[in-house]
Amino acid sequence: MITNFAGKTAVLTGAGSGFGLECARIGARKGMNLVLVDVQQEALDQAEAEMKAAGVKVLARKVDVSDAAQMEALAAEVKATFGAPHFVFNNAGVGSGGLVWENTVADWQWVLGVNVWGVIHGVRLFTPMMLEAAKADPGFEGHIVNTASMAGLLAPPNMGIYNVSKHAVVSLSETLYQDLKLVSDQVSASLLCPFFVPTGISHSERNRPAAMADQPLTASQKIGQAMTDKAVSSGKVTAVDVAQKVFDAIAADQFYIFSHPQALGSVQVRMEDVMQARNPTDPFAHKPELGVSLKAALRAG
């Protein structure tokens, strides 16, 4: 947990929009040094200007979090500029749907690259730095927050590639928490599992690699995109709300962070499926009309 944020350093990936940007704004209000990381230069420039105007120290870098060399260069620059960070928010993510067998190798590499390898790189590069600082200073406090999704605790249909990536982040983060408890009382971790929150992730296609630009979306991917857009745009919980939950969790050393605790009923049903070895429950049991329309749309293709 971190009890006092002033003067501490935060590294935030996906800082140009959504949860990353809102956490950066809270960090700025708390007087933190901010390392802003995003793949979109324009959004990054705007975030950098805003945070500098708030009067805090800022290091902004355009980085592809899936790229090991770029992340290693970032980590070295962070250490040289601010020393070990106190708060690392491995938050950059992309969304992609469609029937699981229709995703191309490029689709898998892109989504797993950002959503899984991005978190892996953040963990492997910054955790040793934080533990080293903790050994040298009994007063050092560090916290790592990884962004997964409720899709990391469920298996909603027609978005398998995203589910796989987020299940990996859940497993990585739970293990990270346990591993940290073995070696330090000064560095901890949390897992953010948002449900449908308007953040911009539903428009991830804008960040597809250039090599995928000519790859058309399949019918199931278009259907998945439309369903996600509708669910996200109707979300009542905002990125601002979620960012505040993140900081509250860091201060309380709370591991699981949920934007929509009411969605945990579906997680319980999934766990009961596992415990009773019964076939997976229909995810649309509570909204059968959604399931009917999805089946009809997919079978018409």
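Below you will find a few notes about this structure.

Definitions and cut-offs
Here, residues in each chain are numbered from 1, in the same order as that chain's written sequence. Local features in this predicted model are restricted to residues of pLDDT 70 or higher, and side-chain atom pairs are both shown and tallied only at a pLDDT of 80 or more, whereas totals for entire chains, interfaces and linings draw on every residue. To get the side-chain values, take all heavy atoms of the structure and skip hydrogens and water. The cut-offs for exposure are 20% and 50% of the maximum accessible area for each residue type, with area from a 1.4 Å probe on protein chains only; residues under the lower value are buried, those over the upper are exposed, and the others partly exposed. Each helix is a run of DSSP H or I of at least 4 residues and each strand a run of E of at least 2, with the numbering of both proceeding from the N terminus. At least two bridges found by DSSP between two strands is the condition for calling them paired. Angles run from 0 to 180 degrees between N-to-C directions of axes, and those axes are lines fitted to C-alpha atoms, restricted for helices to the stretch in contact. Angles are sorted into four bins: roughly parallel if under 35 degrees, roughly antiparallel if over 145, roughly perpendicular if 65 to 115, and oblique for all others. A clockwise turn of the near helix away from the far one marks a right-handed crossing, whereas an anticlockwise turn of less than a right angle marks a left-handed crossing. By definition in these notes, contact holds between two residues if any of their heavy atoms fall within 4.5 Å. Polar here means any residue outside two lists: the nonpolar Ala, Val, Leu, Ile, Met, Phe, Trp, Tyr, Cys and Pro, and the charged Asp, Glu, Lys and Arg; Gly therefore counts as polar. Expected helix span is taken as 1.5 Å per residue step, with the number of steps being one fewer than the number of residues. Throughout, the arc means the angular range of directions from the helix axis out to the C-beta atoms. Put simply, two rings from Phe, Tyr or Trp (the six-membered ring, in Trp's case) pair if the centres are within 6.5 Å, and we call them stacked under 30 degrees between planes, edge-to-face over 60, tilted for the rest. Note on handedness: a crossover is taken as right-handed if, strands pointing away from the viewer, the path from the first strand over the helix to the second is clockwise.

This part is about the pairing of strand β1 (residues 9-13). Burial of β1 is extensive: five of the five residues sit out of reach of the surface. Where burial is concerned, the two faces of β1 agree: the one with Thr9, Val11 and Thr13 and the one with Ala10 and Leu12 are both buried. Pairing of β1 with strand β2 (residues 33-38), which is carried by five bridges, proceeds in the parallel orientation. For Thr9, the partnering residue across the bridge sits in β2 and is Asn33.

Between two packed helices, both the angle of their axes relative to each other and the distance between the axes serve to describe the pair. Two elements in contact, helix α1 (residues 18-29) and helix α2 (residues 41-53), have axes whose closest approach is 10 Å; the angle formed by their N-to-C orientations is 15°. The orientation of α1 with respect to α2, classified from their angle, is roughly parallel. In this structure, the crossing between α1 and α2 has a hand that is right-handed. Along its contact with α1, which presents Leu21, Ala24, Arg25 and Ala28, the element α2 presents Ala47, Glu50 and Met51. The class makeup of the residues in the contact of α1 with α2 is five nonpolar, no polar and two charged.

Okay, unusual backbone geometry next. Among all residues save glycine, negative phi is the norm, and among peptide bonds the norm is trans. Of note in the backbone geometry, Asn158 takes a positive phi value of approximately 65° without being a glycine. Tracing the chain through its elements places Asn158 in the loop between β5 (142-147) and α5 (160-183). On the basis of relative accessibility, which here comes to 10%, the residue Asn158 falls in the buried class. Its identity as a non-glycine residue notwithstanding, Asp253 has a phi of 50°, on the positive side.

With 14 residues, helix α7 (residues 239-252) extends 20 Å from end C-alpha to end C-alpha; this agrees with the ideal 20 Å at 1.5 Å per step. Ala239, Val242, Ala243, Val246, Phe247, Ala249 and Ile250 are the residues of α7 that are buried. Each buried residue of α7 sits inside an arc of 160° when the element is viewed along its axis, so together they form one side. Of the residues one or two after α7, Asp253 is the one with positive phi, at around 50°.

On to the packing of aromatic side chains, then. Applying the stated criterion to the full structure yields six aromatic pairs. Residues Phe5 and Phe247 carry aromatic rings whose centres are separated by 5.2 Å and whose planes lie at 55° to one another, so their mutual orientation is tilted. With a gap of 242 residues between them, Phe5 in the segment before β1 and Phe247 in helix α7 connect regions that are remote in the sequence. Overall, the relative accessible area of 2% leaves Phe247 in the buried class. Residues Phe87 and Phe89 carry aromatic rings whose centres are separated by 5.9 Å and whose planes lie at 25° to one another, so their mutual orientation is stacked. For the pair shown, Phe87 and Phe89 are each scored as buried.

With that out of the way, let us pick up the pairing of strand β6 (residues 187-193). Of all seven residues making up β6, seven are buried, and the element is well covered by its neighbours. Residues Val187, Ala189, Leu191 and Cys193 line one face of β6 and the alternating positions Ser188, Ser190 and Leu192 line the opposite face, and both faces are buried. Note on the crossover from β5 through α5 to β6: the handedness is right-handed. Sheet analysis places β6 next to strand β7 (residues 256-258), joined by three bridges and oriented parallel. Along β7, the bridge assignment pairs Cys193 with Phe258.

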